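# Notes for the structure review
Residues per chain are reported as follows:
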Amino acid sequence: MKFTGENIVEFTAQFADDMTCYAYLSDHKWSNGYTCPKCGHTKFTVRKKNLARDCNKCHHIESPTAGTMFHKLRFGIRKAFLIIFEMTATTKGLSASQVAKRYGISRQTAWAFMHRVRLAMQSSRKHPLTGQVQVDEFVFGGKETLKQGRSTDSKKKKIVGAVEINKNGKIKRTYFKRIEDYSSASLKGIFDDHISASDKIFTDKWKGYLPLCKKYHIEQKYSEKGGSMKQMHTFIHQLKSWLRSIYSWVHEEHIEKYLDEYSFRINRSIFKQTIFDMLIQRMVSGKPITYQMIIISN
Ligand SMILES: [Zn+2]
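Residues numbered from 1 in each chain as written. Predicted model: local features only at pLDDT ≥ 70, side-chain atom pairs only at ≥ 80, totals over all residues. Heavy atoms only, no water.

## Some words on the side chain of Thr 174
In plain terms, the rule: Put simply, DSSP H or I for four residues or longer makes a helix, DSSP E for two residues or longer makes a strand, and each gets a number counted from the N terminus. Identification of polar contacts relies on pairs of N or O atoms within 3.5 Å, with a donor-acceptor requirement for protein atoms, meaning one able to donate a hydrogen and the other able to accept it, and with residues adjacent in sequence counted only if both atoms are side-chain atoms.
By the secondary structure assignment, Thr 174 is in strand β6 (residues 171-179). Polar side-chain contacts of Thr 174 include one of 3.1 Å to the backbone oxygen of Ala 162.

Have a look at this one:
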């Protein structure tokens, strides 16, 4: 049965033990039927231990977690489900140390698993922002200064963000990307990945946006005092205070993953009922993630 909602009592009742979690994964993994990956046979026997499927012809055994983002999980599957649930339900963000304590696992194990979940939260790039979009850049980390403008401080992480504004002037969806500099080539990424070319896009007067005007419908405005892009500036302010609140445990080189987590919750907030199920689905259809892959995927 598909889990919906945000109620932790209902959640723990539905996922009372490892077996119910394995059954849930099986339902997702083999929703279109079972085919043995080795010989193509379609009949199987279910193993009692973890609901692995044993091919009736070649006896290849495949667990519900094999070949998925749960591959080689270093703790019980029920703990994994609970951590994912908490990560989707929180608005503040959870630190690896908190999770380690609460679930009796090492901090490093918690950290690596949570990054797997963040990778599953990454945008599919299938739903570009539409309508009215605002784009702006900001920096995070290093020494905080009151100076406005494009910092060239190499210790600061440069980020470009885009928000979709709905008819009521509220932020509907958002995406972020870390950039190396403020050149057109760097700024282009968020446009190509996350913004539809037919939209009306607002930026400030920075010359880096100029070459992008050929392909995108950009209107450049002065952004002094935040008048023309109020929603975006308020939003960046909120995001930065969130980043500062979790700053003690954010590894700056992984900042994009935390930004993905933040966007995922905002973009999915109208689908709160199904956010957990959707993430499980993504993790089951995703490929195994190794520790090495997490380290290099900045
Ligand atoms: Zn087989």
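Right, picking up where we left off after that structure.
## Details of the nonpolar core
For clarity, the cut-off: Here, nonpolar core refers to any group of buried Ala, Val, Leu, Ile, Met, Phe, Trp, Tyr and Cys residues whose side-chain atoms link them within 4.5 Å. Note on exposure labels: buried denotes an accessible area under 20% of the residue type's maximum, exposed denotes more than 50%, and partly exposed covers the range between, all computed with a 1.4 Å probe on protein chains only. For this analysis, residues touch if any pair of their heavy atoms sits within 4.5 Å.
Phe 70, Phe 81, Ile 83, Ile 84, Phe 113, Phe 276 and Ile 280 are the most contacted members of the largest nonpolar core, which totals 64 residues. With nine residues, helix α5 (residues 107-121) is the largest single contributor of residues to this core. Leave out the neighbours within four places in its chain, and Phe 276 touches Phe 3, Phe 11, Phe 15, Tyr 24, Phe 81, Ile 84 and Phe 85. Counting residues in hydrophobic clusters, the runner-up holds 18 residues, among them Ala 162, Tyr 182, Tyr 209 and Ile 218.

## As for the packing of helix α3 (residues 77-89) against helix α4 (residues 96-103)
Under the convention used in this document: Fitted lines through C-alpha atoms give the axes, limited to the stretch in contact for helices. The angle between two N-to-C directions lies from 0 to 180 degrees. Between 65 and 115 degrees an angle is taken as roughly perpendicular, under 35 as roughly parallel, over 145 as roughly antiparallel, and anywhere else as oblique. Whether a crossing is left-handed or right-handed is set by the direction in which the near helix is turned from the far one by less than a right angle, anticlockwise for left-handed and clockwise for right-handed. All residues other than Ala, Val, Leu, Ile, Met, Phe, Trp, Tyr, Cys, Pro, Asp, Glu, Lys and Arg, Gly among them, are scored as polar; the first ten of these are nonpolar and the last four charged.
In the contact formed by α3 and α4, the axes pass within 12 Å of each other and the chain directions differ by 140°. Relative to α4, the element α3 lies oblique. The two elements α3 and α4 cross, and the hand of that crossing is right-handed. Contacts between α3 and α4 involve Lys 79, Leu 82, Ile 83 and Glu 86 on the former and, on the latter, Val 99, Arg 102 and Tyr 103. Of the residues that constitute the contact of α3 with α4, the class distribution is four nonpolar, no polar and three charged.

## Regarding α3
Inclusion rule: By this rule, a helix spans an expected 1.5 Å times one less than how many residues it contains.
For α3, with 13 residues, the first-to-last C-alpha span of 18 Å sits near the 18 Å given by 1.5 Å per residue. The buried count for α3 comes to ten of 13 residues, which makes it a mostly enclosed element. Listed as buried for α3 are Ile 77, Ala 80, Phe 81, Leu 82, Ile 83, Ile 84, Phe 85, Glu 86, Met 87 and Thr 88. Here the buried face of α3 lies against α1 (8-14), α2 (18-29), α4, α5, α8 (255-267) and α9 (275-285).

## Some points on the side chain of Asn 50
Along the chain, the position of Asn 50 falls in the loop between β1 (44-46) and β2 (53-55). Taking relative accessible area as the criterion, Asn 50 reaches 17% and is therefore assigned buried. Within the structure, the side chain of Asn 50 is placed 3.2 Å from the backbone nitrogen of Ala 52, a separation counted as a polar contact. Setting aside anything within four residues of it in sequence, one finds Asn 50 in contact with Met 19, Tyr 22, Ser 63 and Pro 64.

## As for the coordination of the zinc ion
The condition that has to hold: Only nitrogen, oxygen and sulfur atoms qualify as donors, and only when within 2.8 Å of the metal (3.2 Å in the case of Na, K and Ca); with water excluded, sites may look incomplete.
Here the zinc ion is held by the protein donor atoms Cys 36 (SG), Cys 39 (SG), Cys 55 (SG) and Cys 58 (SG), which lie 2.3 to 2.4 Å from it. All donor residues of the zinc ion come from one chain, and their arrangement in sequence is C-x2-C-x15-C-x2-C. With Cys 36 in the loop between α2 and β1 and Cys 55 in strand β2, this pair connects stretches of sequence that are 19 residues apart. Here Cys 36 and Cys 55 have matching classes, each one buried.

## Some points on the sheet that holds strand β4 (residues 132-140)
Where we set the bar: Any two strands between which DSSP finds at least two bridges are classified as paired.
Taken in spatial order, the five strands line up as β6-β5-β4-β7-β8 in an open sheet, and their pairing is mixed. The open sheet terminates on both sides in strands that have one partner only, identified here as β6 and β8 (218-220). Direction aside, neighbouring strands of the sheet carry axes that sit 25° apart on average. One ladder, built from three bridges, connects strand β7 (residues 200-203) with β8; its direction is parallel. When the bridges of β8 are listed, Phe 202 appears paired with Glu 219. Contacts between helix α6 (residues 184-194) and the sheet are confined to β4, β5 (157-165), β6, β7 and β8, with β6 contributing the most and set at about 140° to the helix. Across the sheet, α8 touches β4, β5 and β6, and the angle it forms with β6 is around 170°.

## Comments concerning the pairing of β6
Here β5 runs beside β6; their pairing, made up of eight bridges, is antiparallel. When the sheet's bridge partners are listed, Ile 165 is paired in β6 with Ile 171.

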